[in-house]
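Coordinates in review
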Amino acid sequence: QVQLVESGGGLVQAGGSLRLSCVASGRTFNMPVMGWFRQAPGKEREFVAAINWSSGRTSYADSVKGRFTISRDNAKNTVYLQMNSLNFEDTAVYYCAERADARAVYGIWGQGAQVTVSS
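Remember, it's a predicted structure, so these values are computed and weren't measured experimentally. (Residues numbered from 1 in each chain as written. Predicted model: local features only at pLDDT ≥ 70, side-chain atom pairs only at ≥ 80, totals over all residues. Heavy atoms only, no water.)

Turning our attention to the pattern of salt bridges. Scanning all chains against the criterion turns up five salt bridges. For Arg38, the salt bridge goes to Glu46, with nearest N and O atoms at 2.6 Å. A relative accessible area of 5% places Arg38 in the buried class. Across the pair Asp90 and Arg38 runs a salt bridge whose closest N-O atoms are separated by 2.9 Å. Taken together, the positions of Asp90 in the loop between strand S8 (78–83) and strand S9 (92–99) and Arg38 in strand S4 (residues 33–39) put the pair 52 residues apart, joining distant regions of the chain. Neither residue differs from the other here; Asp90 and Arg38 are each classed as buried. (Salt bridge = Lys/Arg side-chain N within 4 Å of Asp/Glu carboxyl O. Buried < 20%, exposed > 50% of the residue type's maximum accessible area, 1.4 Å probe, protein only. Helix = DSSP H or I, 4+ residues; strand = E, 2+ residues; numbered from the N terminus.)

On to the nonpolar core, then. Of all hydrophobic cores here, the largest spans 29 residues; its most connected members are Trp36, Leu81, Met83 and Tyr94. Of all the secondary-structure elements, those providing two or more residues to this core are strand S3 (18–25), S4, strand S5 (46–52), strand S7 (68–73), S8, S9 and strand S11 (113–118). The biggest single contributor to this core is S3, with four residues. (Core = buried A, V, L, I, M, F, W, Y, C linked by side-chain atoms within 4.5 Å.)

Without other data, these values stay purely geometric and don't point to any function.
Following this line, the structure appears as structure tokens:
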């Protein structure tokens, strides 16, 4: 069974940076798409970024373009989310998720990592 475990969350001042990691263990899809989502208090969960494991092609929400970078390390089965120029609106629980391909739904989720940006 596939498991996704996030790490790297924490408290950071506005303008600072954090890097989240998501390690995938167990059986994985042959060519999955890995995504990052976030959910702020009282808000719906929203898409942040995604990467095609095989091609490395990436996509981003408009709100994080130019500030966040998603990447992967095939050897470590790990996906990263580098977050720069953080602001208060980035405060949320960040979730890593996996789906079989670009047409599938995200069916596997991590437990989440809290990111808090102080003003």
